[in-house]
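# Descriptive structure summary
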Amino acid sequence: MEPVNYILDFPQLCMKYGLGQLTEAPEPVSGGFLHKMYRIVTGQAEYAVKALNPQIMLRPAAMGNIIFAEKVANLARSQGINALPAIQSQGSCMHEVQGQYYLLFPWIVGKALPAGAVDMDCCTQIGRVLADIHNIDFSSLLAGQQQEEFIPSAVPWRDYSHSAEQQQLSHSDLLNNSLAKLQVYEKLANGAAELLQDNRVISHRDLDPKNVLWDRSGIPLIIDWEAAGTVHPMQELLEVALYWSGFEAGEASEEAFQTVIRAYTSQGGKVTGNWTDVLNLGYQGKLDWLDYSLRRSLGLEVTDEAERQLGISEVIRTIRALDDYADFIPLCLKWLEY
């Protein structure tokens, strides 16, 4: 597949949507792995601009998913969640110039918790926020929509491995040696997804520390809602507890993990279901990211060579993360016995 490149025209974006004239050069902002972020300053205001990955936007469902996610963010905000939805212009959150799509946000002064940092007060607040989101009635957003049908995942891991070997990519040996384990992880995730498919809520689905900004007031601002959609509530609770306990950085805190869950339940969140099934379902998000990263690394879904190199590094990191997660499950079950 030929790469589809970003065509960024910030002056035209500002003129088309009445944002004011640029007074400074757009400044790239580090952050996400999917899209590109910029800070722009005009005579009217400061904005955070998310240039949506054009390769992602070729997917048939991409536009609808992002528009739906922004509706989730707006409804959550109306129900008391300190959420940051995208700015609406001309009746839509989508801003388009020369086929390139953007989401616009007011520029917010705030900081995300540093990667790997653990803060018990933050854990408490995030557990409460998650419970509040799970208790919102989002049914009005589902009117007329068909219920999602469960389709087992069947990623062509062996084909990817063969292609990586042909291209002599640095991760080819690691991928080839991991094929048997990836098939086991996929089987466990599919089995759990089928068992847990009937208990779903609408939520943020990416509530990790980089998507929460903190200001001097200490009140968390929830950003980056474009992944919002349906999820098993215990799957998201478990993922959030792991994010905020430092698991992604390699040293999870049992106290922080349990603090998130206690705060969730004290705020009215309901803990139900079999934890083993929920933990097995936890493989799915990592497998989905590995699938996408492999396509990037093989040049199947990229905008440039830098993105392809990012795909290669993410393949290596995600395979190791899957193995770390598998090793952690027995200990996690003990933590959940409290």
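Check the entry above for the structure.
Predicted model only: the values in this text are computed from it and were never measured.

### Examining the packing of aromatic side chains
One pass over the structure, following the stated rule, counts 10 aromatic pairs. Their ring planes at 75° and their centres at 6.5 Å tell us that Phe247 and Tyr325 sit as a pair that is edge-to-face. With Phe247 in the loop between α7 (233-244) and α8 (254-266) and Tyr325 in helix α11 (residues 305-335), this residue pair connects regions lying 78 residues apart in the sequence. Note on Tyr325: relative accessible area 1%, which makes it buried. Seen in terms of ring centroids, Tyr283 and Tyr325 are 5.1 Å apart; in terms of plane orientation they differ by 85°. Their pairing is edge-to-face. Of this pair, Tyr283 sits in helix α10 (residues 283-297) while Tyr325 is found in helix α11, placing the two residues 42 residues apart along the sequence. Each member of the pair, Tyr283 as well as Tyr325, carries the same accessibility label: buried. Site record: aromatic cluster; members linked through ring pairs are Tyr185, Phe247, Phe257, Tyr283, Tyr325, Phe328 and Trp335. A cation over a ring is seen here: Arg39 above Trp107, with NZ or CZ 5.7 Å from the ring centre. When the ring centre of Tyr325 is taken as reference, the NZ or CZ atom of Lys286 above it lies at 4.3 Å.

### Section: the side chain of His171
Relative to the elements of secondary structure, His171 occurs in the loop between α5 (157-166) and α6 (172-196). Engagement of the side chain of His171 in a polar contact is seen with the side chain of Ser297, the distance being 3.1 Å.

### Points about the side chain of Asn211
Following the sequence through the fold, Asn211 ends up in the loop between β6 (201-203) and β7 (212-214). Judged by relative accessible area, Asn211 falls into the buried class, the value being 1%. Apart from residues lying up to four places away in sequence, Asn211 is in contact with His204, Asp206, Leu221, Ile222, Ile223 and Asp224.

Scoring rules and cut-offs
Residues numbered from 1 in each chain as written. Predicted model: local features only at pLDDT ≥ 70, side-chain atom pairs only at ≥ 80, totals over all residues. Heavy atoms only, no water. Phe/Tyr/Trp six-rings, centres within 6.5 Å; stacked < 30°, edge-to-face > 60°. Helix = DSSP H or I, 4+ residues; strand = E, 2+ residues; numbered from the N terminus. Buried < 20%, exposed > 50% of the residue type's maximum accessible area, 1.4 Å probe, protein only. Lys NZ or Arg CZ within 6 Å of the ring centre and 35° of its normal. Polar contact = N/O pair within 3.5 Å; in protein donor to acceptor, adjacent residues only side chain to side chain. Contact = heavy atoms within 4.5 Å.

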